[in-house]
Amino acid sequence: MTKIAVLGAGSWGTALAMVLSENGHHVNIWGNMPERIEEINQKHTNEHYLPGVKLAESIIGYTDLEEALKDVSFILLVVPTSAIRSVTKQINALLDDKQKPIIIHASKGLEQVSHKRISVIIDEEMAVEKHSGIVVLSGPSHAEEVAKRDITTITAASSSEIASQAVQRIFSNNYFRVYTNSDVVGVELGAALKNIIAVGAGALVGLGYGDNAKAALITRGLAEISRLGMAFGADPLTFIGLSGVGDLIVTATSVHSRNWRAGNLIGKGLPLEEILENMGMVVEGVATTKAAYELAQEKGIDMPITAAIYRVLFENARVDEVVEELMLRDRKAEHSTSKMTAEEE
Ligand SMILES: NC(=O)C1=CN([C@@H]2O[C@H](COP(=O)(O)OP(=O)(O)OC[C@H]3O[C@@H](n4cnc5c(N)ncnc54)[C@H](O)[C@@H]3O)[C@@H](O)[C@H]2O)C=CC1
Ligand SMILES: O=C(CO)COP(=O)(O)O
């Protein structure tokens, strides 16, 4: 039996713990909220994050990280992006160089200020001799639907094929299909940046725009995600895959999405602080908008939708006002086909 530690006892960590435990693995789930860990151990539920869902009794909750990591051969990090660095530091301090687990992360975002991808942060904080590879798990996957065993497809990306195949093996079953991918940059950027577009899509619906507007935002959103990704060496094919258009569709069209819901309330005129306070779960797209906006400015990459959403979130611009600005930008050709062109744009 494979022993796995899931670090982060929120919606996604809990849903992924369920998949792993159904696949016959021994799952330790670690969280920073003692009352939720007690609920997982006593009642086998995590009502705040996955209401009405019964968890396997074999999933054991921990508040002590050292205990949760004991003898595991995989560590799945699924805390908000803002907590990745500190949690990775703690793991690194607790592991010796004999255990050598595979490190997986399933979070979606970019670090504030440094604008780094999550696997880069993990790589910086984990001594290379203490692990057997870093794998990114990403794709169109609402926790609520995975917890109901709805059909889900996802990708496991790593520079180590052995590690990505091992991750594919532990997660795969008849409702959770995992592909492997070697484009870590593209998979992580697709995952992080789609949340920005989901905020925008929610805002459009909140303001009463129609299906044409939604399709325009998603398609042109994907164009700018790909443009940034290609400038960082991502494979353009990744953006028409699960962690590109797949995740963009599922996030930008669904009421399950916290990013879409936050955007929707912005479109309806509610203040951002109030929305974030009441969500009760992480809305990665807000911080990611800031990081991506700054990154695009720094690298001279044209990301007009991201810039528009930045203005709404951080400069109090109105949604209808930025929509008008986007529509009246300079006329352009639809495609920039080569990496060179994307970088020069
Ligand atoms: N919910 C979903 O359907 C999916 C979420 N994700 C990604 O997974 C990541 C986590 O999201 P969710 O589980 O949905 O968020 P959530 O808001 O449901 O739960 C986050 C959990 O992390 C805990 N946490 C926060 N800071 C921590 C720290 N320093 N140490 C330990 N625990 C800490 C919180 O207490 C909470 O239990 C995000 O990056 C999100 O984008 C990815 C795919 C699907
Ligand atoms: O990443 C997700 C689905 O793939 C979940 O999106 P939200 O964080 O917007 O809920």
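From a predicted model like this one, the values you see are computed outputs, not experimental measurements. (Residues numbered from 1 in each chain as written. Chains lettered and ligands numbered in written order. Predicted model: local features only at pLDDT ≥ 70, side-chain atom pairs only at ≥ 80, totals over all residues.)

### Quick word on the nonpolar core
In this structure, Ile75, Leu76 and Ile104 are the most contacted members of the largest nonpolar core, which totals 110 residues. Both domains that furnish three or more residues to this core are identified here as domain 1 (3-182) and domain 2 (185-344). Contact partners of isoleucine 104, with chain neighbours within four places excluded, come to Phe74, Ile75, Leu76, Leu77, Val135, Leu137 and Val167. (Core = buried A, V, L, I, M, F, W, Y, C linked by C-beta atoms within 7 Å. Buried ≥ 20, exposed ≤ 12 C-beta atoms within 10 Å, placed from the backbone. Domains from an automatic or database assignment. Contact = placed C-beta atoms within 7 Å.)

### What to know about the site of ligand 2
Residues in close proximity to ligand 2 total 13 residues, the closest being Ser141, Thr251, Ser257, Arg258 and Asn259. If you list the elements that add at least two residues to the shell around ligand 2, you get α8 (184-207), α10 (242-252) and α11 (258-267). Looking at the shell around ligand 2 element by element, the count peaks at 3 residues for α10. Classifying every residue of the shell around ligand 2 by side-chain character gives 3 nonpolar, 6 polar and 4 charged. Domain assignment of the residues forming the shell around ligand 2 places at least three in each of domain 1 (3-182) and domain 2 (185-344). (Near = placed C-beta within 6 Å. Helix = DSSP H or I, 4+ residues; strand = E, 2+ residues; numbered from the N terminus. Nonpolar A, V, L, I, M, F, W, Y, C, P; charged D, E, K, R; others polar.)

### Some remarks on the site of ligand 1
Within the structure, ligand 1 sits among 27 residues, and Gly10, Trp12, Ala83, Ser107 and Met281 are positioned closest to it. Mapped by element, the contributors of at least two residues to the shell around ligand 1 are α1 (11-22) and α4 (81-94). Tallying contributions element by element places α4 first for the shell around ligand 1, with 4 residues. Of the residues contributing to the shell around ligand 1, the split by class is 13 nonpolar, 12 polar and 2 charged. Split by domain, the residues of the shell around ligand 1 number at least three in each of domain 1 (3-182) and domain 2 (185-344).

### Digging into the confidence of the model for the protein chain
Residue-level pLDDT values for the protein chain average 96, and 97% of them are 70 or greater. Low pLDDT, under 50, characterises residues 338-345; the stretch is placed with 10 contacts to residues that sit more than four places away or in other chains. (pLDDT = per-residue confidence, 0-100.)

### Quick look at the pairing of strand β4 (residues 74-77)
Consecutive side chains of a regular strand alternate in pointing toward one face of the sheet and then the other. Judged by which residues are buried, β4 turns out to be covered on both faces: Phe74 and Leu76 on one side and Ile75 and Leu77 on the other are all buried. Sheet topology places strand β1 (residues 3-7) next to β4; 4 bridges connect them, and they run parallel. Directly across from leucine 7, in β4, lies its bridge partner leucine 77. Here 4 bridges tie β4 to strand β5 (residues 102-105), and the two strands are oriented parallel to one another. Following the sheet pairing, isoleucine 75 is matched in β5 by isoleucine 103. In this fold, the crossover linking β4 to β5 by way of α4 has right-handed handedness. (Pairing = 2+ DSSP bridges. Right-handed = clockwise from strand over helix to strand, strands pointing away.)

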